Amino acid sequence: MFSFSQNKEILLNKNWQFSQKGKNKWNKANVPGCVHTDLFTNKMIPDPFYGNNEAQLQWIENEEWEYKSSFRLTEKDVKSEHIELVFEGLDTYAKIYLNQELILIANNMFRSYSIDVKQYLKSGNNTLHVVFESAVKKGKEEAAKLTYTLPGDEKVFSRKAQYHYGWDWGPRFVTCGIYKNIKLRLINEAEIKNLHYNINKLNDSIGVFTIKFDIHSYVDGIYDVVLKDATTNELITPVEKLNSQFKKGITPFNITATISKPKLWWCNGLGNPNLYNYTVSLVKKSGVIDQKSIAVGLRNIELVQQKDSVGKSFYFKLNGIPVFMKGANYIPSHSFVSELRPNNYRTDVYLAKEANMNMLRVWGGGVYADDEFYSACDKNGILVWQDFMFACAMYPGDSSFIKNVKEEATEQVLRLRNHPSIALWCGNNEIDEGWKNWGWQNQYKYSKNDSAKIWNDYLNLFHSVLPDVVQNYSAKTNYITTSPLIGWGHKESLSEGDSHYWGVWWGNEPFNTYEKKVGRFMSEYGFQSMPPINTFKSVCDSSDLNLFSPCIKSHQKHPIGYQTIEKYMLQDFKIPKTLEHYSYVSQLLQAKGMQTAIEAHRRAKPYCMGTLFWQLNDCWPVTSWSALDFYKQPKAFYYDLKRLYDNVLVSVTKSGLYYECHVLNEQLNEVKGIIELSVKDFNGNILYQKKSDAVILPNSSLVYLRLTEDELKTFDKSACYISCRLIGDSTTTKKTLFYFVPPKDLKLPKPVLDIAYSDEFRSIKIKSKTLVKNLYIKDISYTENNYFDLEANEEVEFTVLPFGKTHQNLTFISLYDILSH
Ligand code: BMA
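Residues numbered from 1 in each chain as written. Predicted model: local features only at pLDDT ≥ 70, side-chain atom pairs only at ≥ 80, totals over all residues. Heavy atoms only, no water.

Following the sequence through the fold, T783 ends up in strand β44 (residues 780-783). Here the side chain of T783 touches N785 through a polar contact of 2.8 Å, landing on its backbone oxygen. Among the polar contacts made by the side chain of T783, one reaches the main-chain carbonyl oxygen of T799 at a distance of 3.4 Å. Residues in contact with T783, not counting those within four places in the same chain, are Y639, I777, F798, T799 and V800. (Helix = DSSP H or I, 4+ residues; strand = E, 2+ residues; numbered from the N terminus. Polar contact = N/O pair within 3.5 Å; in protein donor to acceptor, adjacent residues only side chain to side chain. Contact = heavy atoms within 4.5 Å.)

Written as structure tokens, this is what we have:
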């Protein structure tokens, strides 16, 4: 099948060396990689994440770093018609020399660079040399040119991941390097570029879409352009379009396809994320010259922002159906992005899907994720709210900055427009909010003119430049200028637009404030917890595994993070003495807060139509708002998400004098059942019970059963709880437990666990004669369930994979252990 004219791609990731500039001491380097990981791999610096090493590694950001390698080409290679050198990602200020000729000056981490290099290449040995300048120094030079200081300091001048400069969950490592692949593309005759599709018409009975691409011909030629359904192998190209004559240059091509009764692309929870796969091949008698593939997801997605009696709606309609979004904010899963492999992205998306999410927000202070992330979202039905990479600062407005951003935005919009998962482009994170509410004008002592200039630059970038790019290249994709639309200090933030509610945590409001502060779409809110203790063990000496060690302190980036956790912990829990217990309780605390928020948001449907907590993941081992730690170990809160984000939700809340049992169903088919509310003591005795008639669950939350204080007056409220169940069929039987007093006041009995193991299925069966609150199985590599409440006499069975141990050695903690100390 391979013929002389076949296009060829040579990966140039091998044989790299690096040196600090001027030192001429060359060591092995990895591509993809970056200077910090290269220094560490060569044992020239200690582990950047370990102990307090971050502090002593700050010198790296001020230095310049060189990379070099060589590669061999054949006579035949260099005779190719067209040769392109592609850097998929350079972080950030790089001068590239090919055989000593300067061929590129790069200045944007978020762009790829393709250079026509035929004239510089020779058969035999060729050399590549890349010199990185310090982004910190470059940024400072740019900053010095302005007569005012921009909030965000030097980082805002560089188109580079902003969290590299440190964040309230991430260390400061302003790295540099060749962080993605380098390829040499040898094209002999022609190639397919710019493959994309437009949906022209879509409903249940018909889907019409056009597949578009350009043929770039470097010589005149005659080819078959063969578009095929990759699953059925059916030819889609109309016969008359086969065997076409192409002149040297670019020829646009488009082929319209019609599918009757199309299988629509649905998000997780509502249906299958169906994809139609196609391949386009450029074929000559001698064989296939070029081939590309595309996955078409047939769906309509619309952001509805309509004035209503309260303010303005903010919800997504997928294929005509208003969908409540359940998800999280997503940051880069590593401080050094080059460490992220496709599998890392796939695991993140898989874990989001497993938690019943249907949306992730790629937050603007990180990076545009790799293709693999978006493909995984396409395949798993996870919609993506995509920020442009700007966060919490003001950005420059000069023409070269704007030109650079325009190139970046165009490339990213073109890259992502084929993904059915993309639901929204958003200009930035918290800049409008910052400008209006964070006191920058006073802090930086802006004159009237400075203020006007900075704000106009903002308007130009986010109200004009970026929406124009989206309009030009992905016209059907929704765009909003900023998130949130209105800051949480203003009451309008709860009646229109999306909302970041930080009154809990930043504002020290109690958890139950979440029940009052419900907006139209809650795109951020969150509460911190520690990671499981083995994560701390991976970065701290054993003598540092205590609450007051410098290591534990340095793995918390919020200025008053630990104090804030403790303040809230005092209200609900007893403060534990050991780090292990503290980590455990901090996770229960976070889970309690997040449960309060998520259930309140969902009960408020359709007023509120989305909830994205802050934050799904971590970029290093740290105490943060995440549900999954750096090693993707679930925290207590993650295990709760499955229930909290289930289509069918049972939620108990106190409203005035009543304890109310709310139920709602968000799946498209009908769910029937009986709702049963029981008050039980910790030995499993039913003290009181109510049942509803058989009901069909509504799409928005409805109260079916109520309990008054009066009905409870003979019971000791610290020794009983509500168990509320929906009794439906096997998939729709759900339950939730509700406690009347804070966990610290519960009179819990000492648990006696009855455990049976089955090695064959690696499953464990657990039972107890009394209630076990927040049972945590320690030191395991995987479990389906953890930190859960085991009701008296209830048997649960699930998979647990111990860490190199047998099941018999598993150890447990429960809330009793904390309260009894
Ligand atoms: C949010 C985010 C981040 C930050 C988080 C926690 O608003 O946008 O800037 O990490 O708050 O403070």
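Moving on, there is more to tell.
Two elements in contact, helix α7 (residues 399-416) and helix α10 (residues 448-473), have axes whose closest approach is 9 Å; the angle formed by their N-to-C orientations is 35°. Crossing geometry of α7 relative to α10 is assigned as right-handed. Residues F401, I402, V405, K406, A409, T410, V413 and L414 of α7 lie in contact with α10, whose contacting residues are N460, L461, V465, L466, V469, V470 and Y473. Here the contact of α7 with α10 is built from residues that sort into 12 nonpolar, 2 polar and 1 charged. (Axes fitted to C-alpha atoms, helices over the stretch in contact; angles between N-to-C directions. Left-handed = near helix turned anticlockwise from the far one by under 90°. Nonpolar A, V, L, I, M, F, W, Y, C, P; charged D, E, K, R; others polar.)

The next subject is the state of the cysteines. Scanning the entire structure with this criterion turns up 2 disulfides. The side chain of C540 participates in a disulfide bridge whose partner is C551; the two sulfur atoms lie 2.0 Å from each other. Across the S-S bond of C540 and C551 the torsion is about -85°, and the bridge reads as left-handed. With a gap of 11 residues between them, C540 in the loop between α11 (533-537) and α12 (550-554) and C551 in helix α12 connect regions that are remote in the sequence. The same class applies to C540 and to C551, which are both buried. For C661, the disulfide goes to C724, at an S-S distance of 2.4 Å. Residues C661 and C724 are joined through a disulfide that is left-handed, its torsion about the S-S bond being -70°. One end of the pair, C661, is in strand β34 (residues 658-665); the other, C724, is in strand β39 (residues 720-727), and 63 residues separate them in sequence. The same class applies to C661 and to C724, which are both buried. Numbered in order of appearance, the disulfide-bonded cysteines of the protein chain are paired 1-2, 3-4. Unpaired in this structure, C377 has its nearest cysteine sulfur neighbour in C267, at a distance of 12 Å. Residue C619 stays outside any disulfide, its sulfur separated by 13 Å from that of C34, the closest cysteine. (Disulfide = S-S within 2.5 Å. Buried < 20%, exposed > 50% of the residue type's maximum accessible area, 1.4 Å probe, protein only.)

Following both chains from N to C, one finds helix α14 (residues 579-603) and helix α15 (residues 636-644) inclined at 25°, their axes separated by 8 Å at the closest point. Between α14 and α15, the angle falls in the class roughly parallel. Between α14 and α15 lies a crossing of right-handed hand. On the side of α14, the interface is formed by Q587, L588, Q590, A591, M594, Q595, I598, E599 and R602, while α15 contributes A636, F637, D640, L641, R643 and L644. When its residues are assigned to classes, the contact of α14 with α15 shows 8 nonpolar, 3 polar and 4 charged. (Parallel < 35°, antiparallel > 145°, perpendicular 65-115°, else oblique.)

The next point concerns the site of the ligand. Around the ligand, a shell composed of W167, D168, W169, W363, C392, N429, E430, W502, W506, E524, W614 and W625 is seen. Within the side chain of W167, an N or O atom sits 3.0 Å from an oxygen atom of the ligand. W506 places a side-chain nitrogen or oxygen 3.1 Å from an oxygen atom of the ligand. For the ligand, whose free accessible area comes to 300 Å², the fraction covered by protein is 95%. Looking at side-chain class alone, the shell around the ligand contains 8 nonpolar, 1 polar and 3 charged residues. (Near = heavy atom within 4 Å. Areas by Shrake-Rupley, 256 points an atom, 1.4 Å probe, with all protein chains shown as cover.)

Across soluble globular proteins, nonpolar side chains show a tendency to be buried alongside one another. Grouped together as the largest cluster of nonpolar side chains are 196 residues, with contacts concentrated most on F87, M357, F373 and F613. If one sorts the elements of this core by residue count, α14 sits on top with 11 residues. Non-local contacts of M357, meaning those with residues more than four positions away in its chain, are made with N268, K326, G327, A328, A352, I382, F613, L616, L641 and Y645. Y276, L298, F314 and W385 belong to the second-largest nonpolar core, a separate cluster that totals 49 residues. (Core = buried A, V, L, I, M, F, W, Y, C linked by side-chain atoms within 4.5 Å.)

Along the polypeptide, S538 turns up in the loop between α11 and α12. Accessibility expressed as a relative area gives 28% for S538, which makes it partly exposed. Separated by 481 residues in sequence, S538 and L57 place their C-alpha atoms 19 Å apart. In contact with S538, other than residues within four places in its own chain, are Y50, P621 and Y631. Of the polar contacts made by the side chain of S538, one reaches the backbone oxygen of T535; its length is 2.6 Å.

Before going further, it helps to spend a moment on the sheet that holds strand β23 (residues 315-318). Overall, antiparallel pairing links the 3 strands, which are arranged β22-β23-β24 in an open sheet. Lying at the two open borders of the sheet, with one neighbouring strand each, are β22 (301-304) and β24 (321-323). Sheet twist, expressed as the mean angle between neighbouring strand axes with direction ignored, is 35°. Here 4 bridges tie β22 to β23, and the two strands are oriented antiparallel to one another. Its bridge partner being in β23, I301 is matched across the sheet by L318. (Pairing = 2+ DSSP bridges.)

What follows covers the environment of Q306. Among the structural elements, Q306 can be located in the loop between β22 and β23. Linking Q306 and S112, residues 194 residues apart in sequence, is a C-alpha distance of 38 Å. Other than its neighbours up to four places away in sequence, Q306 contacts G311, K312 and S313.

Across the two faces of strand β46 (residues 796-802) the burial differs, with V796, F798, V800 and P802 buried and E797, T799 and L801 not buried at all. Bridge count for strand β42 (residues 763-768) against β46 is 4 bridges, and the pairing is antiparallel. Within β46, the position partnered with S763 by the bridge is T799. The sheet contact formed by β44 and β46 spans 3 bridges and is antiparallel.

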